[in-house]
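Fold and geometry: a report
Here's the letter readout for the chains.
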Amino acid sequence: MKPKLLTLLLLLGLCTSFSAQESCKAAQPFTPQHELRLTAGAYPLLWGFTPFTYGSRYYDSYRGPMYTSGAWSLAYDYRFKKWFDFGFYVSYWGKYGTTRSNVDNTLLSRDRLHRISVVPVVRFTWLNRPIVRLYTSIGMGVVFGGYKGNFDERASKASFTGQWTPLGIAVGKSFFGFAEIGVGSQGTLMAGIGYRFNNKKH
């Protein structure tokens, strides 16, 4: 009987200790956080922009291969609540190509497209664990674009843009990695790294 009684008392003590720790954690106030993110995105959608729609000024020419930089974003946000962040991101996307002669394949023009987006964003965290967070975010802003080629060919434009991310997952504490799916100027498939500071364990 004594071994059974000792085991029961030990289990009861562990349960009491665990409950006290959880109550202490729950009683601690939330500390707002700052967060920085670097994001790489594929297949961005930039409303109001259709790349390389301008006509060639060269007779008997063709366009060579085109390359893109992908969408690169730097973001800052402030976490007011455990479930709510507000911030913004600045994103860059570029596309590069050439125009060559059909006669002798000589280079006629180097073409460059650049897009810079500035977008305020709100994020809602709907699963919040010490290491794992699941969230949804949405933002609307502006995109500035420009084209530059040889012989002073230039064009510029501004339009509305945004980003809708129905699902994102972040793994880590102060330093973390994340992956997202969505649509907008940051991309359709996104991944990156981030850093949180002014955060206390709770």
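Everything that follows concerns the structure shown earlier in this document.
A few points on the structure. (Residues numbered from 1 in each chain as written. Predicted model: local features only at pLDDT ≥ 70, side-chain atom pairs only at ≥ 80, totals over all residues. Heavy atoms only, no water.)

1. Section: the overall build of the chain
Definition in use: In this text, helices come from DSSP runs of H or I with a minimum length of four residues, and strands from runs of E with a minimum of two, each type numbered from the N-terminal end. Working rule for contacts: check all heavy atoms of both residues, and any pair within 4.5 Å makes them a contact. In these tables, accessible area is a Shrake-Rupley quantity obtained with a 1.4 Å probe, and a residue counts as shielded only by the protein chains included in the view.
Scanning the chain from terminus to terminus reveals one helix and ten strands. Mapped from its N terminus to its C terminus, the chain presents α and β elements in the order α-β-β-β-β-β-β-β-β-β-β. Here the analysis covers contacts within the chain between residues at least 6 apart in sequence; of these, 62% occur between residues at least 24 apart. Entry remark: accessible area of the chain is about 12400 Å², with carbon and sulfur atoms responsible for 68%.

2. Details of the packing of aromatic side chains
Condition: For this analysis, a ring pair means two rings from Phe, Tyr or Trp (six-membered ring only for Trp) whose centres lie within 6.5 Å, classed as stacked if their planes differ by under 30 degrees, edge-to-face if by over 60, and tilted for the remaining angles. The buried label applies to any residue whose accessible area, calculated with a 1.4 Å probe on protein chains only, is under 20% of its type's maximum; exposed applies above 50%, and partly exposed to all values in between. Criterion for a charge above a ring: Lys NZ or Arg CZ within 6 Å of the ring centre, and within 35 degrees of the ring normal.
Under the counting rule described, the total for this entry stands at seven aromatic pairs. Aromatic pair Phe-80 and Phe-84: ring centres 6.1 Å apart, planes at 35 degrees, arrangement tilted. Plain terms: the ring middles of Trp-83 and Phe-84 are 5.6 Å apart, the flat faces sit at 50 degrees to each other, and that makes the pair tilted. Accessibility expressed as a relative area gives 23% for Phe-84, which makes it partly exposed. Members of the aromatic cluster, joined through ring pairs, are Tyr-78, Phe-80, Trp-83, Phe-84 and Phe-124. In this arrangement the basic side chain of Arg-123 is found over the ring face of Tyr-135, its NZ or CZ atom lying 5.2 Å from the centre.

3. Some details on the environment of Tyr-43
Counting through the fold element by element, Tyr-43 comes out in the loop between strand E1 (33-42) and strand E2 (61-63). Sequence spacing of Tyr-43 and Val-183 is 140 residues, and the spatial spacing of their C-alpha atoms is 8.5 Å. If sequence neighbours within four positions are ignored, Tyr-43 has contacts with Gly-187 and Thr-188.

4. Points about the pairing of E1
What counts, and what does not: By the convention used here, strands pair only if DSSP detects at least 2 bridges between them.
Looking at chain direction, E1 and strand E4 (residues 71-79) are connected through nine bridges and run antiparallel. Each bridged residue has a counterpart across the sheet, and for Leu-36 the counterpart in E4 is Tyr-76. Pairing analysis gives nine bridges linking E1 to strand E10 (residues 189-197), with the strands arranged antiparallel. Among the inter-strand pairings, Leu-36 is bridged to a residue of E10, identified as Tyr-195.

5. A few points about a nonpolar patch on the surface
As a reminder, the rule being used: To count toward a patch, a residue needs a relative accessible area above 30% and no salt bridge. Like charges then connect within 9 Å, nonpolar side chains (Val, Leu, Ile, Met, Phe, Trp, Tyr) within 5 Å. Between Lys or Arg on one side and Asp or Glu on the other, a salt bridge is scored when a side-chain nitrogen of the former is within 4 Å of a carboxyl oxygen of the latter.
A grouping of Phe-88, Val-90, Ile-116, Val-118, Met-140, Val-142, Phe-144 and Phe-160 is seen on the molecular surface, where their side chains present a nonpolar patch of about 730 Å² in accessible area. Residue assignment for the nonpolar patch shows that the elements contributing at least two residues are strand E5 (84-101), strand E6 (107-128) and strand E7 (132-148). Here the nonpolar patch takes three residues from E7, the largest share from any one element. Among the secondary structure elements, Phe-160 is positioned in strand E8 (residues 154-172).

6. Some remarks on the pairing of E5
Sheet analysis places E2 next to E5, joined by three bridges and oriented antiparallel. Each residue of the ladder has a partner; that of Ser-61, found in E5, is Ser-101. For strand E3 (residues 67-68) and E5, the ladder comprises two bridges, and the chain directions are antiparallel. Bridge pairing links Thr-68 to Lys-95 in E5. The antiparallel hairpin formed by E4 and E5 contains four residues in its connecting segment. Sheet analysis places E5 next to E6, joined by 17 bridges and oriented antiparallel.

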